[in-house]
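An overview of the molecular structure
Here are the chains, one letter per residue:
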Amino acid sequence: MSRNLDATFAALADPTRRAMLARLAEGEVSVTDLAAPFDMSLAAVSKHLKVLERAGLIIRGREAQWRPCRLDARPLQEVATYLERYRRFWEDSFDRLDDYLKTLQQQDGRQDETHERTKDGDHERSHERTKDRSKHRRSNERRDDRRSNERRSHERKK
Amino acid sequence: MSARNKLAITTPSEREIAMTRAFDAPRALVWQMFTRPEHVRQWWGHGHLEVTVCEIDLRVGGAYRYTGRTPDGMEVPFRGVYREIVAPERLVLTEIYDVPMARDHEGVVTTTFTEAAGKTTVHSVVRYDSKETRDMVLASGMESGVASGYDRIDELLQAASREAG
């Protein structure tokens, strides 16, 4: 199966062949008609067709003189299924990351308010609170990072 | 539900797969999402894999390991080494899909993080040692990828099924 897939990928890697497949998706067509939009010899066209045929993407009529070409969508379906699966993997991961970022930023916003209220208070107390709320540890660390950055820039200004 | 930022996947060359995705968050925060295991666990493979291992040694030369388990119990292990770490802008790491055969082929993942107007755009390019490896990854690994040129497949299939129907 993976060898077939390789052939499909190889066949699809060429823009001319993809254009041919797009044309064939509209229906059965003769080699001459298929070649018409391309500035290439019939020999070159027939080379592309051989690649598509080997990949199982097209079926060529043996009987008729004009040997009509027809798209066979099954290998495409196979590739599309694979690719679709991998796209979904990252799409789902990143959509989840979106939601997670939203949650973190909301938490962070709430903690910044707390921070505003206590910024003149002592650090020990705020540190204790950080320990208690261990599931918010990371955003607190970020806050602490930011606080030390603020402190540094404040010191630089001095 | 508000519209999602869209994931764009292309193949800039025959050995590469590129992904671009924006996030509504500052860059420093998005950077952490990609570099701290407790965050990576929250999203990597979500809906597809249960993360069983997520270890990150964020130093140049340091290793990382992500393993997920599919619903039917198959382990999907990835590992690699950090090559370049420029927080919060740029991360370069190697990537190996750690199963027989595939583990002989290494990819190099370069991820850049750019921030504009409160959004961070993550652009990630995976470069494989050969076209064959990339295609193998597309065909059998858990890496993502839809070649820009392959975007027509949907079109083709729709047209083909209209034809058939």
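Sequence order sets the numbering: in each chain, residues are counted from 1 along the sequence as written. Whichever chain is written first becomes A and whichever ligand is written first becomes 1, with later ones labelled in order. With the structure being a predicted model, the display of local features is reserved for residues of pLDDT at least 70 and the display and counting of side-chain atom pairs for 80 or more, all residues being used for whole-chain, interface and lining totals. As a rule here, side-chain values come from all non-hydrogen atoms in the structure, and water together with hydrogens is ignored.

Focus on the overall build of chain A
Helix and strand assignments come from DSSP, with helices taken as H or I runs of at least 4 residues and strands as E runs of at least 2, each series counted from the N terminus. When helices and strands are tallied, chain A shows seven helices and two strands. Taken from the N to the C terminus, the helices and strands of chain A come in the order α-α-α-α-β-β-α-α-α. Categorising residues by exposure relies on relative accessible area from a 1.4 Å probe, with only protein chains included: less than 20% of the type maximum marks a residue as buried, more than 50% marks it as exposed, and the intermediate range marks it as partly exposed. Burial analysis of chain A (158 residues in total) assigns 41% to the buried set. Computed with a 1.4 Å probe, the accessible areas rest on the Shrake-Rupley method; for each residue, only the protein chains presented here act as cover. Total accessible area computed for chain A in this model is approximately 9,600 Å², and 46% of it derives from carbon and sulfur atoms.

Thoughts on the overall build of chain B
The helix and strand inventory of chain B stands at four helices and eight strands. Beginning at the N terminus, the succession of helices and strands in chain B can be written as β-β-α-α-β-β-β-β-β-β-α-α. When the 165 residues of chain B are sorted by exposure, 50% land in the buried category. On chain B, roughly 7,900 Å² of surface is accessible, and the fraction owed to carbon and sulfur atoms is 52%.

So, unusual backbone geometry
All names here are of chain B. Here the bond from Ala 87 into Pro 88 is cis, since omega is -5 degrees, no more than 30 degrees from zero. Looking at the secondary structure, you find Pro 88 in the loop between β5 (75-86) and β6 (90-97). We note that Ala 117 has phi near 50 degrees; this positive angle belongs to a residue other than glycine. Tracing the sequence through the fold places Ala 117 in the loop between β7 (107-116) and β8 (119-128). Judged by its relative accessible area of 85%, Ala 117 is exposed.

Remarks on the nonpolar core
In this structure, Phe94(A), Leu97(A), Met33(B), Phe34(B) and Trp44(B) are the most contacted members of the largest nonpolar core, which totals 39 residues. Residues are treated as being in contact if the distance between any of their heavy atoms lies within 4.5 Å. Dropping the residues within four chain positions of it, Phe94(A) is found in contact with Leu7(B), Met19(B), Arg21(B), Phe23(B), Phe34(B) and Trp43(B). The next biggest cluster of nonpolar side chains, apart from the first, holds 20 residues, and it includes Leu21(A), Phe38(A), Leu49(A) and Ile58(A). Nonpolar cores are built from buried Ala, Val, Leu, Ile, Met, Phe, Trp, Tyr and Cys residues. Side-chain atoms within 4.5 Å join them into one set.

Focus on the sheet that holds β5(B)
All names here are of chain B. Read from one edge of the open sheet, eight strands run β1-β2-β8-β7-β6-β5-β4-β3, paired in antiparallel fashion. In this open sheet, the two strands that pair with only one neighbour each are β1 (8-10) and β3 (50-56). The average undirected angle you get between the axes of adjacent strands in this sheet is 20 degrees. One bridge is not enough; two strands pair if DSSP finds at least two bridges between them. Angles here are taken between N-to-C directions and fall from 0 to 180 degrees, while the axes themselves are lines fitted to C-alpha atoms, restricted in helices to the stretch in contact.

Some details on empty space enclosed by the protein
The pocket and cavity definitions rest on a 1 Å grid over protein atoms only: a 1.4 Å probe that fits but cannot leave marks a cavity, an open set with protein on both sides within 12 Å along at least five of seven lines marks a pocket, and residues lining either have an atom within 4 Å of a point. Grid points are joined across faces, edges and corners, and a volume is the space filled by probe spheres set on the points. Counting across every chain of the model gives four cavities of 30 Å³ or more. Estimated volume of the largest cavity: approximately 350 Å³. As for the largest cavity, its lining consists of 22 residues, and the residues nearest its centre are Trp90(A), Phe34(B), Tyr66(B), Glu95(B) and Val109(B). Broken down by secondary-structure element, the contributors of at least two residues to the lining of the largest cavity are α5 (74-118) of chain A together with β2 (16-23), α2 (37-43), β4 (63-69), β5, β6, β7 and β8 of chain B. A per-class count over the lining of the largest cavity returns 16 nonpolar, three polar and three charged. The classification used treats Ala, Val, Leu, Ile, Met, Phe, Trp, Tyr, Cys and Pro as nonpolar, Asp, Glu, Lys and Arg as charged, and all other residues, Gly among them, as polar.

Details of the side chain of Asp14(A)
Residue and element names in this part refer to chain A. Relative to the helices and strands, Asp 14 resides in the loop between α1 (2-12) and α2 (15-25). When charges are counted, Lys and Arg are positive and Asp and Glu negative, with His and the chain ends excluded. By definition, a salt bridge exists where a carboxyl oxygen of Asp or Glu is found within 4 Å of a side-chain nitrogen of Lys or Arg. Lacking a salt bridge, the buried Asp 14 has Arg 17 as its closest oppositely charged neighbour, with an N-O distance of 4.5 Å. Polar contact is the term for a pair of N or O atoms within 3.5 Å; when the atoms are in protein, one must be able to donate a hydrogen and the other to accept it, and sequence-neighboring residues count only if both atoms are side-chain atoms. One polar contact links the side chain of Asp 14 to the main-chain amide nitrogen of Arg 17, over a distance of 3.0 Å.

Observations regarding the confidence of the model for chain B
Residues and elements named next belong to chain B. Per-residue confidence for chain B gives a mean pLDDT of 82, with 80% of residues at or over 70. Mean pLDDT in chain B bottoms out at helix α4 (residues 152-164), which sits at 48, and peaks at β3, which reaches 97. On a range of 0 to 100, pLDDT expresses the predictor's confidence in each residue. Low pLDDT (under 50) marks residues 140-154, which in the prediction has 52 contacts with non-local residues, meaning those over four places away or in another chain. Model confidence for the complex: the whole-complex pTM is 0.59, and ipTM, which rates the interface, is 0.80.

Details of the pairing of β4(B)
On a regular strand, each side chain points to the face opposite its neighbour's, so the side chains alternate between the two faces of the sheet. All names here are of chain B. In this structure, β3 lies alongside β4, joined through six bridges in antiparallel fashion. Each bridged residue has a counterpart across the sheet, and for Glu 50 the counterpart in β4 is Arg 69. Taking the residues that link successive antiparallel strands as the turn, the β3-β4 hairpin has six residues, and the phi of Gly 61 there is positive, at about 90 degrees. Between β4 and β5, which pair antiparallel in sequence order, lie five residues; one of them, Gly 73, sits at a positive phi of approximately 90 degrees.

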